[in-house]
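This is what each chain is made of:
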Amino acid sequence: MGNMQSFKLLKISALALLSMPSLFAHEDDFSLLKKRIDELEKRVYLSNHNAEQVNTFGSQKLNIGGYANVTGTQLLVDHATNDFTFDEVELGLMMRARVNDQLSFFTHIEFEQEKEITNIHSPYREFDDEEVQMEPEDIIITYRPSNSFSLNLGALITPFGVSNMEHFDFLRWQNEKPMALREKSDRFIFFDDHVNGVSTVLESFHDWGTFKYYLYAGTSQEAVDGVTTGARVSYANSSGTVKTGLSFQNGRKQRDDRYMTFGWDMKARLGEFEFRSEAFLADLDSGVYGQDRNPFSFYFEPWYHLVHNTHILYSRIDYLNDTMGLYTIDHDLDSSTMAISDPVELYEYTLGYNYLPYPYWRISLGVTFVNYVGSHDHIYGLNRDYETIEWGTVLSF
Amino acid sequence: MGNSIKFLIAIALIFSLQFSLFAQEKQAAEPKKVEWVVIVNASNSIESLDRNKLRRLLLKEVVFWENSLKVVPIVLEEEDSAFSAFVSDILNMKEGQYSRHWIEQKFTRGLTRPKSGNANSIIRLIGVLKGAISVIPKKIWDEAERVSVKSISLEEVQLKP
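Scoring rules and cut-offs
- Residues numbered from 1 in each chain as written.
- Chains lettered and ligands numbered in written order.
- Predicted model: local features only at pLDDT ≥ 70, side-chain atom pairs only at ≥ 80, totals over all residues.
- Heavy atoms only, no water.
- pLDDT = per-residue confidence, 0-100.
- Helix = DSSP H or I, 4+ residues; strand = E, 2+ residues; numbered from the N terminus.
- Salt bridge = Lys/Arg side-chain N within 4 Å of Asp/Glu carboxyl O.
- Buried < 20%, exposed > 50% of the residue type's maximum accessible area, 1.4 Å probe, protein only.
- Patch = residues over 30% accessible without salt bridge, like charges linked within 9 Å, V, L, I, M, F, W, Y side chains within 5 Å.
- Areas by Shrake-Rupley, 256 points an atom, 1.4 Å probe, with all protein chains shown as cover.
- Polar contact = N/O pair within 3.5 Å; in protein donor to acceptor, adjacent residues only side chain to side chain.

A. Highlighting the confidence of the model for chain A. Across chain A, pLDDT averages 82, with 77% of residues at or above 70. Mean pLDDT across the secondary structure elements of chain A bottoms out at strand β1 (residues 54-56) of chain A, with 58, and peaks at strand β8 (residues 149-157) of chain A, with 95.

B. Local environment of the pattern of salt bridges. Residue and element names in this part refer to chain A. Here the structure, examined in full by the defined rule, presents 15 salt bridges over all chains. Across the pair Asp-169 and Arg-172 runs a salt bridge, and its minimum N-O distance is 3.5 Å. We note that Asp-169, like Arg-172, is buried. Among the salt bridges present, the one from Glu-301 reaches Arg-316, with a minimum N-O distance of 3.0 Å. Within this pair, whereas Glu-301 is found in strand β16 (residues 296-307), its partner Arg-316 is found in strand β17 (residues 311-322), the two being separated by 15 residues in sequence.

C. Geometry of a nonpolar patch on the surface. All names here are of chain A. The grouping of Val-99, Leu-103, Phe-105, Ile-139, Ile-141, Tyr-143, Leu-153 and Val-198 at the surface amounts to a nonpolar patch, some 580 Å² of accessible area in total. When residues of the nonpolar patch are traced back to their parent elements, those giving at least two are β4 (103-114) and β7 (132-146). Among the elements that take part in the nonpolar patch, β7 stands out by supplying three residues, more than any other. By the element assignment, Phe-105 lies in strand β4. Among the residues examined, Phe-105 registers a relative accessible area of 30% and is labelled partly exposed.

D. View of helix α5 (residues 119-128) of chain B. Residue and element names in this part refer to chain B. Burial analysis of α5 places seven of its ten residues in the buried class, which makes it a mostly covered element. Listed in full, the buried residues belonging to α5 are Ala-119, Ser-121, Ile-122, Ile-123, Leu-125, Ile-126 and Gly-127. With a side-chain oxygen positioned 3.1 Å from the backbone nitrogen of Asn-120, the residue opening α5 is Asn-118.

Now the structure itself:
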């Protein structure tokens, strides 16, 4: 025990001797030490805040994200079997690489299993589209040398209206897009939502808001030998509560049909109330049939935040006068016969509810009443009106 | 319209009434008043900003300073007691709308939300990042140690509706 106590005493003395010089250290040594600690702290802060970064190859930064979507639809048709189908299971994978401050790359790839019922009025259901598909939706190289100018090259979303520019599944209140944006067997009614080509964006900033001017040209995804051109001008007020724009697209559809489409759109927020609305008018000159057709569509989609960005009640009134007969081209009773042109005029009335338990997870339930009007409101003597109930969930990551 | 549709509409209306009442209760608790200071790296030549430009910088709408240096906005973390007031006073948004805004930006422009931290860590970050800008409570700025950071004046130009 005596030895142990003397050993402890020896250790304390040694420590006291070692600490003596530090007590007499020069003031400069303290400031140097403090600087070094500060520098280390800064590095720790920086490394903590860079935790989400992944450096790869030549880029400064790479962000990966996307969404997963599961949607089911119940059809309620008076004269046919009421079917339920999980019509869409989809993974959207997005990446953005920043090569330097001016140059970046963005891609959005869709992996989907789609089973959309195409012949709604038939007692025997058939599914449209390929069952499984992988599609690179967007592949965009962006060069932005200044605040007011940017150049995009690749597979581009056409800047035509607010719904097309915000067409990602998570950003909609329900899976089904407005009628004007839907495609049938990769054929569109009003405008091509993607082109492979080039676009420029000019931005003009003012105290009272921001103007953006878009110009683009590219190869159409419908008629690969045609060139599609378009333009858009949009305005957003300085507080970001009102956005509105005018769009134009000119191109060629299948069978040498030339088209020009004009669009107007608006998105606005007033307290807990928001809405988006668009109108589309196309002028189609058919090279084969020599017919001049003018399909028209309009929708108004208001929503109300019962609890802000958590509980949302939404609705949509959607009108389509499809003078081209594209929208319901396969909606005849007998799906085995050749598809015929079926120009229809119809309304869709939708009411639904979205619940976002977390900002990145959206659960939706909506009902839609489809009301056909005009001379094509019956098919083989049967009323074409029907209802759908859509359930879905989308997770953004 | 079928009975099922009527039933669902009735449920939706009941939900809306219930949540409207809940929302009104929530809205009664307004964020407290905070005095703000705009801070940048000391090497930045800028001396003042108006609210429009500040908002554009923080939301990554404007991405370059006048000398072509990349803008690096840094904001208060969501856990900060002043975050709600920051979103409302400076960005003219509601708190929930801030998250939504960056989700929209991720999809439509491939952008991610700005880096965030508490006010003291922001001051240190701005000291080492030349293009950085942030807005923090003046009370914390007055008491903080400031190395290579400066405050700039905020021109009181109101956001136009």
